[in-house]
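Here are the chains, one letter per residue:
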Amino acid sequence: MLKTRLRLASALFGLSALGWTPTNAAESATNPVDPQRLSDITRALSSDEFEGRAPGTPGETKAIAYLVEQFKAAGLEPAGPKGSYTQVVPLVRTQVPMDASMSVTVGGKRRPLVQQQDMAALALRPVDRVRIGNAPLVFVGYGVSAPERGWDDYKDIDLRGKVAVYLVNDPDFEAASGDDAFGKFGGKAATYYARWTYKYEEAARRGAIAALIVHETEPAAYGWKTAIAPNGEGYDIVRPDAARERLLLQSWLHRDAAVEIFRDAGLDLEALKQSARSKAFRPVQLKDATFAADFPLAHTRIDSHNVLGRITGQKRPRESIMIGAHWDAYGIGEPDTNGLRFRSGALDDAIGIAAVIEIARAFKQGPRPDRTILFSAWTAEERNLLGSEYYASHPWLPIETTVANFTMDVLQPNGLARDIVLVGAGQNELESLLAQQAAGQGRVVTPDAKPERGLAFRADHFPFAKRGVPALVLMGLGGGHDLVKGGREAGDRWVSEFTAQCYHQACDRWSESWDLSGAAQDVTLVYQMASQLANSRAWPQWNPGTEFRAVRDASAAQRK
Ligand SMILES: [Zn+2]
């Protein structure tokens, strides 16, 4: 199915019209990325010396020094003002107490909502106390406002000062033929509208004081336990106007509690869900129902850092191609069964950083490209993409003339593969470029087998995609590769074993048994795509009907 789509994309947009020429066989035969160096850098960066690389810890200080040294050694120029390789990323950490007082009152009957049982609440405004006094509850369905799909769940509702109650995912997830939503949001595949981040941001834009998302395991793609933030801890970037951009309270609402609250208000959750799949859906204010909360909020500030270096383009320096990964990991945890405490993220994502450095080295070996290449090592990806989000809102090169963003987050260590797995297929023209380059390696592109997980919205390319920059992310956990040794079965087995045992745990460690020959090929693809774009005048575009095309189109005049 993907092959058809890619062929169609190539035919529609015409690679030559975009201004790039096919890579010749001699060029693709050379592999500029050395698996041994990938391994060496990954080993160094994921060593115990860096204590699991949590933002704001002594491990960060050491990691940043190491990265700056590596960027310099690779020959990169500092990307920032005054010769700086580092960008300060001010973060705020908040903590909702376990005994936070929260409740819903329906028809005079007060029902307490217990943190971590009924609620998985976060509060991201840095205030000393969260106080919400009897605010009306409004059910807004899936809460989607998607003009490009002719869909608006909000109609004329005024959410100011109210608590919005959302369904998780988008109207198409459980839609059947006959429902208006059927096929409108990519079927089971998650769209941006499916993400909890979108819903909270949309509620804040509309002036709501708080938002609750009814947790359901299948459309959320994870269980209740995963939805709970450990210790009620939340992270955000420091925002000049947090009161406008962030809700006072955002929370998952356990399905059992939601069913009872709706029932007390004379409503049925299943019937509401059915109505929310219709275009004619209108928000429903719960009769005689209010939400209240009152608790102290601990909040502290942490200064973390992004590291950025660049190669300034010789002809069009303001036009740039971004190549990035995240340096942060999970820090120090409880000892695991082997007594290991540092959660050092070797594959997630020290290896992505190693790849960024190797691509930088490869570029420095060739002639200076026409356009600028910006290399980034982001902080706080594991705290909800905060380093890349901060940079995207405080960029050093204009977003409008950023040609593309390439992000690598986890690469597979199981040797050569016959394919490259693409999460979020169907988005933009970079996918044709990937297919073309993969073909040069005798490989094919395989789409993510479970697009409903929404992985395409969960890496550092996303803050740029959201602002219109065409983006492509390589994710070794996006799906099992068709490995030369053991085929798809072995690839899938590795993904499920790694995810279950090592993902975000201390066992995500460097190993001498890794075979990074396949990972080196993947990194070479990124290098080749970036190189082609850097020496062309092409502006890859989002596919028609996708979420971020309109925002890109709005700045088209700046890309003549
Ligand atoms: Zn990661």
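These numbers come from a predicted model, not from an experiment.

Q: Mind showing me how you'd approach the coordination of the zinc ion here?
A: Those donors, His326 (NE2), Asp348 (OD), Asp409 (OD) and Asp409 (OD), are the protein atoms that reach the zinc ion, and they lie 1.9 to 2.7 Å from it. Coordination at the zinc ion is irregular: its four donor atoms span angles of 52 to 145 degrees at the metal. Along the chain, the residues donating to the zinc ion are arranged with the sequence spacing H-x21-D-x60-D. Remark: aspartate 409 occurs in the loop between strand 19 (402–408) and strand 20 (419–422) and histidine 326 occurs in strand 15 (residues 316–326); sequence separation between them is 83 residues.

Q: Just checking my understanding: could you explain the state of the cysteines for this structure?
A: Here a disulfide denotes a covalent bond joining the sulfur atom of one cysteine to the sulfur atom of another. On inspection of all chains with the given rule, the structure shows one disulfide. Residue cysteine 502 pairs covalently with cysteine 507 via a disulfide, S to S 1.8 Å. The chirality of the disulfide connecting cysteine 502 with cysteine 507 is left-handed, given an S-S dihedral of about -105 degrees. With relative accessibility at 11%, the residue cysteine 502 sits in the buried group. The exposure class of cysteine 507 is partly exposed, given its relative accessible area of 28%.

Q: Mind showing me how you'd approach the nonpolar core here?
A: A general tendency of soluble globular proteins is for nonpolar side chains to be buried together. Among the nonpolar cores identified, the biggest contains 71 residues, and Ile323, Phe375 and Phe406 are the most heavily contacted of them. Looking at this core, the element that brings in the most residues is helix 12 (residues 346–365), giving 13 residues. Not counting the four nearest positions on each side in its chain, phenylalanine 406 is found in contact with Ile321, Met322, Ile323, Gly324, Leu430, Leu472, Val526, Met529, Ala530 and Leu533.

Q: Just checking my understanding: could you explain the environment of glycine 75 for this structure?
A: Relative to the helices and strands, glycine 75 is located in the loop between helix 5 (58–73) and strand 1 (77–78). The class of glycine 75 is partly exposed, set by a relative accessible area of 27%. Here the alpha-carbon distance between glycine 75 and serine 320, two residues 245 residues apart in the chain, equals 18 Å.

Q: Explain the packing of helix 4 (residues 35–45) against helix 12 here, please?
A: Relative orientation and spacing of two packed helices are given, respectively, by the angle between their axes and the distance between those axes. Across the interface, helix 4 lies against helix 12 with an axial gap of 8 Å and an inter-helix angle of 130 degrees. By the angle between their directions, the pair helix 4 and helix 12 is classed as oblique. Both helix 4 and helix 12 take part in a crossing whose hand is right-handed. For the pair helix 4 and helix 12, the contacting residues are Arg37, Leu38, Ile41, Thr42 and Leu45 in the first and Ala346, Ala350, Ile351, Ile353, Ala354, Ala355, Ile357, Glu358 and Arg361 in the second. Considered class by class, the residues forming the contact of helix 4 with helix 12 number ten nonpolar, one polar and three charged.

Q: Looking at this structure, I do not really get the packing of aromatic side chains. What am I missing?
A: Two aromatic rings are characterised by how far apart their centres lie and by the angle between their planes. One pass over the structure, following the stated rule, counts 23 aromatic pairs. When the centroid spacing of 6.2 Å and the interplanar angle of 35 degrees are considered together, the rings of tyrosine 192 and tyrosine 193 count as tilted. Looking at tyrosine 192, the relative accessible area reads 9%, which means it is buried. Consider the rings of tyrosine 192 and tyrosine 198, whose centres lie 5.2 Å apart with planes at 65 degrees: the pair is edge-to-face. Residues tyrosine 192 and tyrosine 198 agree in their burial class; the two are buried. Clustering of aromatic rings is evident, with ring pairs tying together Trp151, Phe185, Tyr192, Tyr193, Tyr198, Phe457, Phe462, Trp542 and Phe548. When the ring centre of tryptophan 510 is taken as reference, the NZ or CZ atom of arginine 43 above it lies at 4.1 Å. We note lysine 188 situated over the ring of phenylalanine 173; from NZ or CZ to the ring centre the distance is 4.1 Å.

Q: Would you explain the pattern of salt bridges in this entry?
A: Two side chains bearing opposite charge may form a pair once their charged atoms approach each other closely. One pass over the full model with this rule turns up 38 salt bridges. The salt bridge involving arginine 277 is made with aspartate 179; its shortest N-O contact spans 3.1 Å. In this pair, arginine 277 is assigned in the loop between helix 11 (269–276) and strand 13 (284–296) and aspartate 179 in the loop between strand 9 (163–167) and helix 6 (196–205), connecting sequence segments 98 residues apart. Take arginine 277: its relative accessible area is 10%, and that puts it in the buried class. A salt bridge links aspartate 236 to arginine 239; the nearest nitrogen and oxygen atoms lie 2.8 Å apart. According to the relative accessible area criterion, aspartate 236 is buried, its value standing at 2%. You can call arginine 239 buried: its relative accessible area is 12%.

Q: In this structure, what is going on with the confidence of the model for the protein? I would like to understand it.
A: Any region with low pLDDT has predicted coordinates that should not be read closely. Of the residues in the protein, 95% have a pLDDT of 70 or more, and the chain-wide mean is 92. A low-confidence stretch, residues 1–29 (pLDDT under 50), is modelled with 47 contacts involving residues beyond four sequence positions or located in other chains.

Q: What is the right way to read unusual backbone geometry from this model?
A: Trans peptide bonds make up most of the peptide bonds, and negative phi angles are found at most residues other than glycine. Residues aspartate 348 and aspartate 349 are joined by a peptide bond in cis, for which omega reads 15 degrees. By secondary structure assignment, the location of aspartate 349 is in helix 12. Despite not being glycine, valine 410 has its phi angle at roughly 75 degrees, a positive value. Topologically, valine 410 is positioned in the loop between strand 19 and strand 20. The phi dihedral of histidine 504 falls on the positive side, at around 65 degrees, and the residue is not glycine. A relative accessible area of 17% means that histidine 504 is categorised as buried.

Q: It is not clear to me how the sheet that holds strand 6 (residues 129–139) should be interpreted in this structure. Could you clarify?
A: Strand order in the open sheet formed by eight strands is 4-3-13-6-9-10-12-5, and the pairing between neighbours is mixed. Only two strands of the sheet have a single neighbouring strand rather than two, namely strand 4 (109–112) and strand 5 (119–122). For this sheet the average axis-to-axis angle between neighbouring strands, irrespective of direction, equals 25 degrees. With four bridges connecting them, strand 3 (residues 101–106) and strand 4 associate as antiparallel partners. In the sheet register, threonine 105 faces strand 4, and the bridge partner there is arginine 110.

Reading the values: the criteria
Residues numbered from 1 in each chain as written. Predicted model: local features only at pLDDT ≥ 70, side-chain atom pairs only at ≥ 80, totals over all residues. Heavy atoms only, no water. Donors = N, O, S within 2.8 Å, 3.2 Å for Na, K, Ca; no water. Tetrahedral: all angles 85-135°; square planar, octahedral: opposite > 155°, others 65-115°. Helix = DSSP H or I, 4+ residues; strand = E, 2+ residues; numbered from the N terminus. Disulfide = S-S within 2.5 Å. Buried < 20%, exposed > 50% of the residue type's maximum accessible area, 1.4 Å probe, protein only. Core = buried A, V, L, I, M, F, W, Y, C linked by side-chain atoms within 4.5 Å. Contact = heavy atoms within 4.5 Å. Axes fitted to C-alpha atoms, helices over the stretch in contact; angles between N-to-C directions. Parallel < 35°, antiparallel > 145°, perpendicular 65-115°, else oblique. Left-handed = near helix turned anticlockwise from the far one by under 90°. Nonpolar A, V, L, I, M, F, W, Y, C, P; charged D, E, K, R; others polar. Phe/Tyr/Trp six-rings, centres within 6.5 Å; stacked < 30°, edge-to-face > 60°. Lys NZ or Arg CZ within 6 Å of the ring centre and 35° of its normal. Salt bridge = Lys/Arg side-chain N within 4 Å of Asp/Glu carboxyl O. pLDDT = per-residue confidence, 0-100. Pairing = 2+ DSSP bridges.

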